[in-house]
Amino acid sequence: DPELLAYCQLLSGDRQAFEATCKQEVNMLRRLDNPSVGQLRITVLITSLSPSADYDRQEILDWAKRCVELERNKFTLRALGEAHYRFGEFQQALAVFSEIDDEPDAEQNGYAFQRALAYQAAGELTEAHRWYDFGTSKFSEARVGDAPAAWAIHHWAFVNAWKQVADQVFADKQTAIEI
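Residues numbered from 1 in each chain as written. Predicted model: local features only at pLDDT ≥ 70, side-chain atom pairs only at ≥ 80, totals over all residues. Heavy atoms only, no water.

## So, the pattern of salt bridges
Tallying each qualifying case throughout the model produces eight salt bridges. With a shortest N-O distance of 2.9 Å, Glu-82 and Arg-78 are connected by a salt bridge. Here Glu-82 pairs with Arg-78, and both are found in helix α5 (residues 74-87), just four residues apart, close to one helical turn. Neither residue differs from the other here; Glu-82 and Arg-78 are each classed as buried. Asp-167 serves as the salt-bridge partner of Lys-163, at 2.9 Å between the closest nitrogen and oxygen. Of this pair, Lys-163 and Asp-167 both sit in helix α9 (residues 150-170), separated by four residues, roughly a single helical turn. (Salt bridge = Lys/Arg side-chain N within 4 Å of Asp/Glu carboxyl O. Helix = DSSP H or I, 4+ residues; strand = E, 2+ residues; numbered from the N terminus. Buried < 20%, exposed > 50% of the residue type's maximum accessible area, 1.4 Å probe, protein only.)

## Describing the packing of helix α1 (residues 2-11) against helix α2 (residues 15-31)
One way to put it is that α1 packs onto α2 with a least axis distance of 7 Å and a crossing angle of 155°. With respect to their mutual orientation, α1 and α2 come out roughly antiparallel. Two packed elements cross with a definite hand, and for α1 against α2 that hand is left-handed. Residues Pro-2, Leu-5, Ala-6, Gln-9 and Leu-10 of α1 form the contact with α2, whose participating residues are Arg-15, Ala-17, Phe-18, Thr-21 and Glu-25. (Axes fitted to C-alpha atoms, helices over the stretch in contact; angles between N-to-C directions. Parallel < 35°, antiparallel > 145°, perpendicular 65-115°, else oblique. Left-handed = near helix turned anticlockwise from the far one by under 90°. Contact = heavy atoms within 4.5 Å.)

## So, the nonpolar core
Core analysis: the largest hydrophobic core is formed by 49 residues, its most contacted members being Tyr-7, Leu-49 and Trp-162. If we skip the residues at most four places from it in the chain, Trp-162 touches Ser-48, Leu-49, Glu-82, Tyr-85, Phe-113, Gln-114 and Leu-117. (Core = buried A, V, L, I, M, F, W, Y, C linked by side-chain atoms within 4.5 Å.)

## Regarding the packing of α1 against helix α3 (residues 37-48)
Between α1 and α3, whose axes approach to 10 Å, the crossing angle comes to 5°. One finds that α1 runs roughly parallel with respect to α3. Residues Glu-3, Ala-6 and Tyr-7 of α1 pack against Arg-41, Ile-42, Leu-45 and Ile-46 of α3. Of the residues contributing to the contact of α1 with α3, the split by class is five nonpolar, no polar and two charged. (Nonpolar A, V, L, I, M, F, W, Y, C, P; charged D, E, K, R; others polar.)

## So, the packing of aromatic side chains
By the definition in use, this model includes six aromatic pairs. Relative to Trp-162, the ring of Tyr-85 lies with its centre 6.0 Å away and its plane at 70°, an arrangement referred to as edge-to-face. In this pair, Tyr-85 sits in helix α5 while Trp-162 sits in helix α9, placing the two residues 77 residues apart along the sequence. Residues Tyr-85 and Trp-162 agree in their burial class; the two are buried. Aromatic side chains Trp-131 and Phe-134 sit 5.4 Å apart centroid to centroid with 80° between the ring planes, which places their arrangement in the edge-to-face category. Of the two residues, Trp-131 and Phe-134 are both situated in helix α8 (residues 125-142); the distance of three residues between them amounts to about one turn of the helix. Residue class for Trp-131 comes out buried when judged on its relative accessible area of 6%. Looking at Phe-134, the relative accessible area reads 25%, which means it is partly exposed. Ring-pair connections join several aromatic residues into one group, and the members of that group are Tyr-85, Phe-90 and Trp-162. Sitting over the face of the ring of Trp-131, Arg-115 holds its NZ or CZ atom 4.1 Å from the ring centroid. (Phe/Tyr/Trp six-rings, centres within 6.5 Å; stacked < 30°, edge-to-face > 60°. Lys NZ or Arg CZ within 6 Å of the ring centre and 35° of its normal.)

Structure below.
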């Protein structure tokens, strides 16, 4: 599973392996004539976590838009919001994150850190801190829950990864939680 592998590499601090996994997925996607929504989404999600300038951000944004065209839901919209964020289109990212709020079963804690980072980058510091604090509080609450279901491992891996990025921006010393 390249998505979980990438999150684990990032969370363990192995940025070199993480970037290699991202590049491998990008190159694989480029070779496919008709990639699936899942292949597109996973590649967008993992490359959006990378601040590296080695990626064609327009290409990744186009893949994210294609995801939403093929299957519009909270998962593909999250990928689109993250792609807009990494492309430097912070207001568009915020609009997409707001759009996710209207999706069935949307969980704001799943994209709170991405939203906080987009607000921070857009210069809206009060909202940035509000979303960072919200994400942090939900993150802390999750630590006291029961053992995670299989889907939760992916969920908390990406939330941990985005929290790590947000912690750096918001200068918080908290680290990733154990699952």
